[in-house]
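Next come the chains, spelled out residue by residue.
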Amino acid sequence: MAVQPVLVWFKHDLRLADHEPLWHACQTGQPVVAAVVVDARLFETTALGFPRMGHIRTRFLFESIRSLAGELAARGGRLIIRYGDPATEIAGLVKSLGIASVYTAGEVAPEEVALLQRLRHVLNPLGAKLTTCHHHTLVRSEDLPWPVAQLPDVFTQFRKEVERACEVRAPLPVPATISFFNTEYPDHTLPAVPPAAEPASHPASVVTYGGGEPEARRRLHEYIWTCDALRTYKETRNGLLGANYSSKFSPALAVGTLSPRTIYHEVKRYEADRIANDSTYWLVFELLWRDYFQFVMQKFGSRVFHSRGLRPAPVVWRRDSVLFEQWRLGHTGVPFVDANMRELLHTGFMSNRGRQNVASYLTKDLHLDWRWGAAWFESQLIDYDVCSNWLNWAYVAGVGNDPREDRYFNIARQAERYDPQGAYVHAWLKN
Ligand SMILES: Cc1cc2nc3c(=O)[nH]c(=O)nc-3n(C[C@H](O)[C@H](O)[C@H](O)COP(=O)(O)OP(=O)(O)OC[C@H]3O[C@@H](n4cnc5c(N)ncnc54)[C@H](O)[C@@H]3O)c2cc1C
């Protein structure tokens, strides 16, 4: 058989386990080239004056990339790290190394889908094939009981049908042997990330692990087994302080150092070994929310990003940059909002309870454009995921696809209920 290397293009799936593109590439029997391209567009400044990807998020991403490079090196391989336009970079690699096939994850969001289309277009004349594989959800879209175009507009309907009709497939193991193609193809130096001015090690920081698959696995084991925190997840999940009120799996899911199927099967193992209760069910329930938003994005595409969201009629939003800056930097004068916004600013994370409150405050009290809030979250969140972020925002702003949904959070009442002693506000506003 003639040697024709195949390329695995890693994106937000920076892991070796349960990695379909890598798995299928290895099945070809051809030597594998592994590459990642950091998209230069992420470093652009938005119209709102902040970078599309802020430095805390960037640091977590780069840690995950470097960790993947280390994992591949430990197996005798190499991760080629490039920076720029991914379609150009991948095409450049294909041309120089005589690559026959590119394996990568499939996408659902418009920008990512457009990039794949562009790449396909440039690969065609080079005679190279682009294969996209499943990677991001618990349930595969082809296993759903409806075509994605007919996805229900209400989550509960989606969940009940999926629970009834779908099985979560077993995660794939790391390929036992990966035969690598040796190449001296140069790496790019990644943009410098400023040292953490306010380290993620802030005393009230709740995400206790760094980028990379081993760290994500460590967290999975710690949360489920060592701390036994899954047992009480349903009761603690609305918390605000500490590592274990919720799983904190979202940063690992966002960069793909952990797959949702891996989490699911670990939950099943825990249920068989220790206890199956409302809490173990609820973690999977939340992962189904995540799936749902991936499919909603696939169904509606770029409509998600309109000011009216998925609503038929236009919605008028205020555009007051002074109010927005106060919200963004945690200076609204409403302590519960400000504490949450400062946690986000300093650590790149905020609890789900916090997110719902600050999003409601921006859209329902200040009446500011929900997309401004979503753009700031995009810049800051280490767990930023295009579908989960933009669709949760649309949902709280009342412009999502669920016709029954119009949520308002009374901030004072929420603070009283979820931070009765003011410990959370104190932790973030004390100085
Ligand atoms: C305005 C707003 C923006 C958000 N932006 C994001 C985002 O960019 N990325 C992101 O992963 N989540 C986002 N969420 C959802 C949710 O807040 C986070 O997933 C959760 O807080 C992450 O913490 P955890 O991993 O400890 O969650 P846990 O409570 O332990 O839940 C386990 C997993 O379930 C999934 N999940 C839980 N709640 C949701 C939800 N509402 N929507 C989708 N998935 C969910 C996540 O993958 C999470 O890791 C957003 C929510 C709101 C209200």
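Up top is the structure these notes are about.
Residues numbered from 1 in each chain as written. Predicted model: local features only at pLDDT ≥ 70, side-chain atom pairs only at ≥ 80, totals over all residues. Heavy atoms only, no water.

Engineer: Looking at this structure, I do not really get the nonpolar core. What am I missing?
Structural biologist: Soluble, globular proteins show a tendency: their nonpolar side chains are buried together. Ranked by size, the top nonpolar core spans 123 residues in total, and within it Leu79 and Trp327 carry the most contacts. Looking at which element gives the most residues to this core, the answer is helix H10 (residues 278–300), with 13 residues. Aside from chain neighbours lying at most four places away, what touches Trp327 is Thr332, Val337, Met341, Val358, Tyr361, Leu362, Leu366, Gly373, Trp376, Phe377 and Trp393. Membership of the second largest hydrophobic core comes to 20 residues, among which are Trp9, Ile90, Leu93 and Leu116. (Core = buried A, V, L, I, M, F, W, Y, C linked by side-chain atoms within 4.5 Å. Buried < 20%, exposed > 50% of the residue type's maximum accessible area, 1.4 Å probe, protein only. Helix = DSSP H or I, 4+ residues; strand = E, 2+ residues; numbered from the N terminus. Contact = heavy atoms within 4.5 Å.)

Engineer: Just checking my understanding: could you explain the pairing of strand S4 (residues 101–105) for this structure?
Structural biologist: Across a regular strand the side chains alternate sides, sitting on one face of the sheet and then on the other. With respect to burial, S4 is a largely interior element, five of its five residues being buried. With four bridges connecting them, strand S1 (residues 6–10) and S4 associate as parallel partners. Among the inter-strand pairings, Leu7 is bridged to a residue of S4, identified as Val102. (Pairing = 2+ DSSP bridges.)

Engineer: Got a minute to help me understand helix H13 (residues 352–365) in this structure?
Structural biologist: Three- or four-residue spacings in an α-helix give side chains the same orientation, since the helix completes a turn every 3.6 residues. Its 14 residues place the ends of H13 19 Å apart at the C-alpha level, agreeing with the 20 Å of an ideal helix rising 1.5 Å per residue. With twelve of 14 residues buried, H13 is to be regarded as a mostly interior element. Residues Arg353, Gly354, Arg355, Gln356, Asn357, Val358, Ala359, Ser360, Tyr361, Leu362, Thr363 and Lys364 constitute the buried set of H13. In the core, the buried residues of H13 are packed alongside helix H11 (321–329), helix H12 (335–347), helix H14 (370–380), helix H15 (386–397) and helix H16 (411–418). (Expected span 1.5 Å × (residues − 1).)

Engineer: Would you mind going over the site of the ligand with me for this structure?
Structural biologist: Taken together, 26 residues sit near the ligand, with Tyr233, Ser246, Ser247, Lys248 and Asn352 positioned nearest. In the model, an oxygen atom of the ligand is placed 2.5 Å from a nitrogen or oxygen of the Tyr233 side chain. Asp383 is positioned with one of its backbone polar atoms (N or O) 2.8 Å from a nitrogen atom of the ligand. Look at the ligand: alone it shows 820 Å² of surface, and the protein chains cover 97% of it. Of all the elements in the fold, those that place two or more residues in the shell around the ligand are helix H8 (250–255), H10, H13 and H15. By residue class, the composition of the shell around the ligand is twelve nonpolar, eight polar and six charged. Of the residues that make up the shell around the ligand, three or more belong to each of domain 2 (213–300) and domain 3 (306–429). (Near = heavy atom within 4 Å. Polar contact = N/O pair within 3.5 Å; in protein donor to acceptor, adjacent residues only side chain to side chain. Areas by Shrake-Rupley, 256 points an atom, 1.4 Å probe, with all protein chains shown as cover. Nonpolar A, V, L, I, M, F, W, Y, C, P; charged D, E, K, R; others polar. Domains from an automatic or database assignment.)

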